[in-house]
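# Close look at the chain arrangement
Spelled out from the first residue to the last, the chains are:
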Amino acid sequence: HRRFDYRPKTDPYCQARYTFCPTGSAVPVMKEEDVIEVYRLQAPVWEFKYGDLLGHLKIMHDAVGFKSSLTGKNYTMEWYELFQLGNCTFPHLRPGMDAPFWCNQGAACFYEGIDDAHWKENGTLVLVTTISGTMFNEMAKWVKYDNETGIYYETWTVQASPDKQSIVWFDSYECSKFILRIYQKLADLGAVFKKIQTNYTSIILFSGEPIYLGNETSIFGPLGNKTLAAAIRDFYYPFKPHQTVREFFVDLLKIIDRVILNGQFYLFYNLEYWFLPMKYPYLKIIYEEVPLPIGSKAPFGV
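Just so it is clear, the structure is predicted and the values come from calculations on it, not from any experiment.

This part takes up a nonpolar patch on the surface. A cluster of nonpolar side chains, contributed by V245, F248, F249, L252, L253, I256, I260 and L261, occupies part of the molecular surface with about 750 Å² of accessible area. By relative accessible area, V245 is classed as exposed at 59%.

In many analyses, interface size is given as the accessible surface area lost on bringing the parts together. Here the protein chain is described as being made up of domain 1 (35–199) and domain 2 (211–280). Contacts between domain 1 and domain 2 engage 15 residues on the former and 16 residues on the latter. Here domain 1 meets domain 2 over a buried area of about 1,600 Å², counting both sides, of which 76% is carbon and sulfur. If you look at where domain 1 meets domain 2, you find zero salt bridges. Between domain 1 and domain 2 we count four residue pairs in polar contact (both at pLDDT 80 or more) in total. Along the lines of polarity and charge, the residues of the side of domain 1 that touches domain 2 split into 11 nonpolar, one polar and three charged.

Turning next to unusual backbone geometry. Of note, the bond from Y280 into P281 is cis; its omega dihedral lies within 30 degrees of zero at 5°. The residue P281 is located in strand β11 (residues 272–289) in this model. Positive phi, normally seen in glycine, also occurs at N270, with a value near 55°. Its location among the elements puts N270 in the loop between β10 (264–269) and β11.

Before going further, it helps to spend a moment on the state of the cysteines. Two cysteines joined by a covalent bond between their sulfur atoms form a disulfide. Enumeration over the complete set of coordinates arrives at two disulfides. Each sulfur in the disulfide pair C14 and C103 lies 2.1 Å from the other. For the disulfide bridge between C14 and C103, the dihedral angle about the S-S bond is near -85°, and by the sign convention the bridge is left-handed. With C14 in the segment before β1 (35–44) and C103 in the loop between α3 (84–89) and β4 (106–112), this pair connects stretches of sequence that are 89 residues apart.

A separate point is the pattern of salt bridges. All told, the structure shown has 11 salt bridges when counted by the stated rule. D146 serves as the salt-bridge partner of R181, at 3.0 Å between the closest nitrogen and oxygen. Placement of R181 in helix α6 (residues 175–188) and of D146 in helix α5 (residues 133–149) is noted, with a sequence separation of 35 residues between them. Like R181, the residue D146 is buried in the burial classification. Among the ionic pairs, K177 bridges to D171, the shortest N-O distance being 3.7 Å. Note on K177: relative accessible area 18%, which makes it buried. Among the residues examined, D171 registers a relative accessible area of 36% and is labelled partly exposed. It is possible to trace a salt-bridge network through shared partners that takes in R3, D146 and R181.

Rules of the game
Residues numbered from 1 in each chain as written. Predicted model: local features only at pLDDT ≥ 70, side-chain atom pairs only at ≥ 80, totals over all residues. Heavy atoms only, no water. Patch = residues over 30% accessible without salt bridge, like charges linked within 9 Å, V, L, I, M, F, W, Y side chains within 5 Å. Areas by Shrake-Rupley, 256 points an atom, 1.4 Å probe, with all protein chains shown as cover. Salt bridge = Lys/Arg side-chain N within 4 Å of Asp/Glu carboxyl O. Buried < 20%, exposed > 50% of the residue type's maximum accessible area, 1.4 Å probe, protein only. Domains from an automatic or database assignment. Contact = heavy atoms within 4.5 Å. Buried area = accessible area lost by both parts, 1.4 Å probe. Polar contact = N/O pair within 3.5 Å; in protein donor to acceptor, adjacent residues only side chain to side chain. Nonpolar A, V, L, I, M, F, W, Y, C, P; charged D, E, K, R; others polar. Helix = DSSP H or I, 4+ residues; strand = E, 2+ residues; numbered from the N terminus. Disulfide = S-S within 2.5 Å.

As structure tokens, this is what we get:
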């Protein structure tokens, strides 16, 4: 997943149904001698709307919590889509624009408090390590860098087969990857993590070797490939937001025909388009263990 020099301004066309980070606040500077508890937080995606529904499918959202021993204050940090998951996964086909239009930025959100009920009811709220105020401040600097350079959300992991040792063609870039990066940064700063099992959700597409197609200019520009441009627009059309149940089922049949029966998928990754020759089992949602990291520094003794 490519890093960028800066975060571009979002286009007013991109609108979120739910405001991104509505109670967000600045990350505080902690006193060096503070001892801060770090919590693993996990709950079903869209729990506020659907309860535990997506939890049964193991489609989970991840975050990290902090508690200062000196002040007693709690904080939550997470990373998610600016304009909801659908906009990050599929583009808009706008009238008068040849190229698909993407609203696919993601960003970190930090706010005071930990909503215990939200994380505990259908998910996880568990202490994973303790860190010093100095380590917290170093992590905060790193989060700023990470947030300014890792700007695009990517829903899909793409790999060659369901085997554990399978080639990963493309890695996802979403909430759980941010939490894993945070944990690794803390481990590198000297945090020692508890030995507990930690699982994360991945949505995997299965594909043969991807074929590079080009970027927006080379495909959709004045000297672009009109046939390929039409094929990409045609592929994305059935993924648009649906107004009626009938529309949904008609488009679902088109998606099944395209992706499963004809083995075709067009992936937009790092501002470039790729063709995926899809293969069985096509798509899988897994909830897999990723162990807590071991750092490279001397442990922080609390």
